[in-house]
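# Structural overview for review
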Amino acid sequence: MVEDKGKEVIQSMEDWLLHDQELVPLALNKAKQVKGFPGRWKMIVSKLEQIPERLSDLSSHPCFSKNALCKEQLQAVSRTLKEAIELAELCMSDMYEGKLRMQSDLDALSGKLDLNLRDCGLLIKTGVLGEVTLPLNGAGSSEPEAAVYGNIRELLARLQIGHLEAKHRALDCLVEVMKEDEKNLLAVLARSNIAALVQLLTATSPRIREKTVSVICALAESGSCENWLVSEGVLPPLIRLVESGSNVGKEKATISLQRLSMSAETARAIVGHGGVRPLIEICRVGDSVSQAAAACTLKNISVVPEVRQNLAEEGIVKVTINLLDCGILLGSKEYAAECLQNLTASNDILRRSVISEGGLRSLLTYLDGPLPQESAVGALRNLVTSVSTETLLSLNFLQCITHVLKTGSLGAQQAAASAICRVCSTTEMKRLVGEAGCIPLLIKMLEAKSNNAREVSAQAISSLVTLSQNCREVKKNDKSVPNLVQLLDPGLQNTAKKYAVSCLASIATSKKCKKLMISYGAIGYLKKLVEMDIPGAKKLLERLERGKLRSLFSRNK
C-alpha cells in the first residue's frame with residue numbers, strides 16, 4: 001500500500017513507523033480536548049497512550065524490516081489514529097449527525113484500538129514474525145521450498161491478526177492450501193495457529209465458522225495434531241456446531257469428533273462437555289455421512305466403561321438399535337453393532353435395557369445381512385445369559401449361530417463359539433446345539449491360527465461332550481482326535497490345553513479314539529502337562545498308558 005503524507009509518498013517500513021509515531025501525540029492531544037462523551041473518550045485516551053510502547057516493541061524486533069505483516073500493522077494503526085483525530089474534531093465542533101451515531105462510532109474506534117494493540121502484541125509474543133520470516137528448517141533446502149513454507153507461514157499468521165474480514169480472506173486461501181498442499185501446511189503448522197483456528201470456530205459469521213470447521217476436520221483426519229486441537233479447546237465449539245451449525249458445519253464437526261474420540265481421554269471429555277445428546281440427535285435425523293460419523297463417535301465413546309451409563313441416560317440404547325435396523329449407510333449399522341457390543345460387555349442394567357428394547361431380534365436380523373458379523377455376535381454373546389432358552393429358540397438363535405460358524409469371519413466364529421459356551425448350561429440346550437449342526441464346525445475351528453479361536457472352540461466342545469449324543473458325534477468325526485491332541489501342546493501360548501484334555505477324556509471310552517490319541521503322540525504331551533498340574537491330564541495319561549500296555553501284551557500273545 002502506498003499513501004500520501006502531505007506531498008511525500010510513504011513506502012518504507014521506517015517511514016510508516018515514523019508516520020505513526022507522529023500521529024500518536026496529535027491524536028492524544030485532540031482526544032484530551034473533547035468535552036462530550038467523557039467516559040468513552042477517557043477509555044480511548046488510555047488506549048492511545050499504550051500505542052507508543054507497542055510500536056517500540058514492534059520496531060525493535062529483529063525481523064521488523066523484513067516482514068510484510070509489520071508494514072500492514074503499521075498501516076492499520078495509522079488508519080485508526082486518523083479516525084481518532086477526525087472523531088475528536090467532530091465532537092469538539094458539535095457537527096456530528098446524532099448522539100447515538102457518535103456513541104456507536106466511538107465504540108467502534110475503541111474496538112479498533114483494542115485490535116491494533118492486540119495484534120501488535122501477537123506479532124511479538126507468539127513468534128509470528130519469526131515463523132513467517134524463517135525459511136524451511138534444515139540445511140540444504142531449496143529456495144522454492146523456502147518460499148512455499150514462508151508463504152504458508154504468512155497465511156497462517158494472518159489468521160491471528162487483523163479484522164474478521166481479513167481473517168476470512170486468509171481462511172479462504174487456507175482451504176485451498178489444504179486441498180493442494182496439505183503436506184507442506186502440516187509441516188509448518190504451530191500450536192498458535194491451531195489456537196487461532198479454534199477461536200474462529202466461535203466467530204459470529206456462519207461462513208467463517210463453516211470454513212474453519214472444514215479446515216479443522218482436515219487437520220483432525222490428518223492425525224498430526226489431535227492433542228493440540230483438544231488442548232486448545234476445540235471440543236466445546238465443535239459440539240455446539242453439531243447442535244446448531246449448518247448442514248456442512250454439522251457434518252464436518254461430527255467427523256472431527258469421530259477422529260478425536262479415538263482417544264479414551266478425549267471421549268470422556270466429549271461426554272463431559274455435553275456432546276452425547278447432539279450426537280444422538282444426529283443419529284436420529286442426520287444425513288447419511290453425519291449419521292455414520294455420529295454413530296462411530298458414540299461407538300468410540302462406548303469403549304470407555306465409566307461413561308456407558310451416561311450414554312444410556314441420554315438414550316443411546318434405543319437409537320443404536322434403530323440404527324441397526326434402519327441406518328442409512330451400511331457403516332452406520334456396523335458402528336451400531338460395535339456400540340451394542342461395548343455397552344453390553346459388563347453392565348447388567350444395559351443388557352436388560354438392550355433386551356427390553358428389542359435388541360436381540362435386531363442383532364439376529366443384522367446377522368442375516370452382508371455386513372461384518374463379529375460385533376453383532378459379540379453383543380449376542382453378552383446378552384444370551386440374560387434371556388430364557390425359550391426366547392432364544394423363538395428368535396432362531398441357533399440357526400443364526402450355525403450360519404455364523406459356517407460363513408463368518410474368524411472373529412465372528414470365535415464370538416459364536418463363546419456364545420455357545422454361555423448358553424450350554426442346560427442339558428436341553430446342549431442337545432439343541434448338537435442337533436443344529438454346530439459340533440463339526442467347532443471341531444474345524446480347532447485348526448484356526450488364532451489361539452483365542454482354538455481355545456473358545458475347545459471350551460465349547462468340552463461343554464457339549466458331557467451329553468452322550470454329542471460325545472458320539474465328536475468320536476465319529478475324523479478330525480476331532482488329531483485336532484484335540486495338537487492342542488495338548490504344553491507351550492505357554494497354548495491356552496486351550498485344559499479344554500483339550502477334558503474333551504479327550506470324554507471320548508477316551510472309545511478304543512478307536514484311544515489308539516488315535518496314542519498314535520498322534522498324546523502320551524508325550526500329557527506327561528508334560530502332568531508336570532504342569534493341568535487338571536485331568538494325569539487321569540487321561542494313565543488311561544492311555546493302560547491301553548498301550550494291553551495293546552503290547554495282545555501283540556506278544
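Here the structure is a predicted model, which is why all the values come from computation and not from measurement. (Residues numbered from 1 in each chain as written. Predicted model: local features only at pLDDT ≥ 70, side-chain atom pairs only at ≥ 80, totals over all residues. Heavy atoms only, no water.)

### As for the layout of surface pockets
Roughly 490 Å³ of internal volume is contained in the largest pocket. Lining the largest pocket are 20 residues, and of these A76, R79, G162, H163 and A166 sit closest to its centre. Considering every element that reaches the lining of the largest pocket, the biggest residue donor is helix α4 (residues 68–93), with seven residues. Here the lining of the largest pocket is composed, by residue class, of seven nonpolar, six polar and seven charged. (1 Å grid on protein atoms, 1.4 Å probe; cavity = no way out; pocket = protein on both sides within 12 Å on 5 of 7 lines; lining within 4 Å. Points joined across faces, edges and corners; volume = space filled by probe spheres on them. Helix = DSSP H or I, 4+ residues; strand = E, 2+ residues; numbered from the N terminus. Nonpolar A, V, L, I, M, F, W, Y, C, P; charged D, E, K, R; others polar.)

### A closer look at the environment of F64
With respect to the helices and strands, F64 occurs in the loop between α3 (51–59) and α4. A residue is classified by how much of its surface remains accessible, and F64, at 5% relative accessible area, is buried. Taking C-alpha positions, F64 is 9.7 Å from I124, a pair spaced 60 residues apart along the chain. When near neighbours in sequence (up to four residues on either side) are disregarded, F64 contacts M13, L17, L58, S59, C70 and L74. (Buried < 20%, exposed > 50% of the residue type's maximum accessible area, 1.4 Å probe, protein only. Contact = heavy atoms within 4.5 Å.)

### Concerning the pattern of salt bridges
When the charged atoms of two side chains with opposite charge come close together, those side chains can pair. Tallied over the full model, the rule gives 22 salt bridges. The closest approach of N and O atoms between K479 and E447, which form a salt bridge, is 3.8 Å. With K479 in the loop between α30 (468–476) and α31 (480–486) and E447 in the loop between α28 (438–445) and α29 (451–464), the pair connects residues that are 32 residues apart, well separated along the chain. The exposure class assigned to K479 is partly exposed, which follows from its relative accessible area of 39%. Overall, the relative accessible area of 39% leaves E447 in the partly exposed class. Among the ionic contacts, a cluster of salt bridges with common partners joins E97, R101 and D105. (Salt bridge = Lys/Arg side-chain N within 4 Å of Asp/Glu carboxyl O.)

### So, the environment of P25
For P25, the position within the fold is in helix α1 (residues 13–33). Remark: the alpha-carbon pair of P25 and L81, spanning 56 residues in sequence, is separated by 9.7 Å.

### Things to note about empty space enclosed by the protein
All told, the structure shown has two cavities of 30 Å³ or more when counted by the stated rule. A volume near 40 Å³ is recorded for the largest cavity. If you go around the largest cavity, the residues you meet are I51, R54, L55, V77, N116, L117 and C120. Those elements giving two or more residues to the lining of the largest cavity turn out to be α3 and α5 (99–125). Taken together, the residues that form the lining of the largest cavity break down as five nonpolar, one polar and one charged. Considered as a void within the structure, the second largest cavity measures approximately 30 Å³ in volume. Lining the second largest cavity we find C283, A295, L298, V319, T320, L323, A336 and C339.

The analysis is restricted to geometry; functional conclusions fall outside its scope.
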